[in-house]
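Remarks on the overall topology
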Amino acid sequence: LGLAVATIVLPLYLFRLTDALAFEMRTDSLTQLRNRIGFDELLDEVCESAISAEHERAVVFIDLDGFKKINDVQGHDGGDLVLKHVAHWLTVELGPLGTPARFGGDEFAVIVRTRFVREDLEAALTRFLRRAEAVGELFESPLGASVGVYYLEPASAITSRFACKAADQLMYRAKKLGKNQFVRLSQKLRQSLEALDDVAHETKSGKLEFDITAAPV
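The sections below set out a description of the structure shown in this document. Values in this document were obtained by computation on a predicted structure and should not be read as measured data. (Residues numbered from 1 in each chain as written. Predicted model: local features only at pLDDT ≥ 70, side-chain atom pairs only at ≥ 80, totals over all residues. Heavy atoms only, no water.)

A short note on the overall build of the chain
Which entries qualify depends on this criterion: Helix numbering and strand numbering both begin at the N terminus, where a helix is a DSSP run of H or I of at least 4 residues and a strand a DSSP run of E of at least 2. Burial here depends on accessible area, computed with a 1.4 Å probe over protein chains only, as a share of the maximum for the residue type. Under 20% is buried, over 50% is exposed, and the range in between is partly exposed. Whether two residues are in contact is decided by their heavy atoms: any pair within 4.5 Å suffices. In this description, accessible areas are obtained by the Shrake-Rupley approach with a 1.4 Å probe, and a residue is regarded as covered only by the protein chains that are shown.
Regarding its fold elements, the chain presents five helices and six strands. Counted from the first residue to the last, the chain has its helices and strands arranged as α-α-β-α-β-β-α-β-α-β-β. Buried positions account for 45% of the 217 residues belonging to the chain. Long-range pairs, those at least 24 residues apart, make up 73% of the contacts in the chain between residues at least 6 apart in sequence. If you sum the accessible surface of the chain, you get close to 11,600 Å²; carbon and sulfur atoms cover 55% of it.

Take a look at the structure:
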């Protein structure tokens, strides 16, 4: 009887253990958001299916402004608390539209793959930026976020590497324009990766330059 029970229970235990380890491997331990591994896996799925997608998707990169000062003054415990607050509000405001993730440090991202309207996404980003400011006020130190939004058009052939690079460069553009705002790609993309030639090109530094519009908050 004991052997029969073990034969049934052991595979179930191993299955649950494997499932738990897989979840842990893809989850940020501090915020419980997806980590970079979990984000990359999901983005690969989104980009691979983009060619047959009937609706637009989006990749959002977020870098906190002012976090280093808070972390230096408040210490790592205070810094961790700030990141938890930010992760919470990111989930509240962007969670209904997409899947938030934390890359590590003060870098976050969101993959939006459900059907959405750009105005709704950008309104949610505006609310998140205000939430981030409020977190800074709670810790008596300025806090904001620079955000890059890269839209994937329906039926587009875009690699996950390109999507990440595009969102990352748009995020840094937001920083250069004064921080605490989002920058999105303004040029409408249609056919395939070749269609990007008129709005993006590789420079000697390997960075992408875009025809963009800024959206200060």
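Some points on the nonpolar core
Nonpolar side chains tend toward joint burial in soluble globular proteins. Going by this rule: Residue types Ala, Val, Leu, Ile, Met, Phe, Trp, Tyr and Cys, when buried and joined through side-chain atoms within 4.5 Å, form a set referred to as a nonpolar core.
Judged by nonpolar contacts, the single largest core of 31 residues is most densely connected at I62, F108, L121 and V147. When contributions to this core are tallied by element, the ones reaching two or more residues are β1 (57-65), α3 (67-94), β3 (107-112), α4 (118-138) and β4 (144-152). The element best represented in this core is α3, accounting for eight residues. Aside from chain neighbours lying at most four places away, what touches F108 is L33, V60, F61, I62, L64, L83, V86, A87, L90, A101 and R102.

Topic: the packing of α3 against α4
Basically, it comes down to this: In this analysis an axis means a line fitted to C-alpha atoms, helices contributing only their contacting stretch, and an angle means the value between N-to-C directions, from 0 to 180 degrees. Any angle that falls under 35 degrees is termed roughly parallel, while one over 145 is termed roughly antiparallel, one within 65 to 115 roughly perpendicular, and all others oblique. A clockwise turn of the near helix away from the far one marks a right-handed crossing, whereas an anticlockwise turn of less than a right angle marks a left-handed crossing. Under the grouping applied here, Gly and all other residues not named as nonpolar or charged are polar, the nonpolar ones being Ala, Val, Leu, Ile, Met, Phe, Trp, Tyr, Cys and Pro and the charged ones Asp, Glu, Lys and Arg.
Packing of α3 against α4 brings their axes to within 9 Å, and their N-to-C directions diverge by 155°. As judged from the angle between their axes, α3 and α4 are roughly antiparallel. Here the hand of the crossing between α3 and α4 comes out right-handed. Contacts between α3 and α4 pair V82, H85, V86, W89, L90, E93 and L94 from the former with L121, A124, L125, R127, F128, R131, V135 and L138 from the latter. The residue inventory of the contact of α3 with α4, partitioned by class, reads 11 nonpolar, one polar and three charged.

Regarding unusual backbone geometry
The phi torsion at Q32 lies on the positive side, around 65°, for a residue other than glycine. Along the chain, Q32 falls in the loop between α1 (2-25) and α2 (36-49). You will see that K179, though not glycine, has its phi angle at about 70°, which is positive. Within the fold, K179 resides in the loop between α5 (160-176) and β5 (181-185). By relative accessible area, K179 is classed as partly exposed at 44%.

What to know about the pattern of salt bridges
As a reminder of what qualifies: Salt bridge, as applied in this entry: a Lys or Arg side-chain nitrogen positioned within 4 Å of an Asp or Glu carboxyl oxygen.
For the coordinates displayed, the defined rule picks out 11 salt bridges. A salt bridge links D72 to K68; the shortest N-O distance between them is 3.0 Å. Placement of the pair is D72 and K68 together in helix α3, with a separation of four residues, close to one helical turn. An identical accessibility class is assigned to D72 and K68; each is exposed. Here E122 makes a salt bridge to R184, at a shortest N to O gap of 3.6 Å.

Keep in mind these numbers describe shape, not what the thing actually does.
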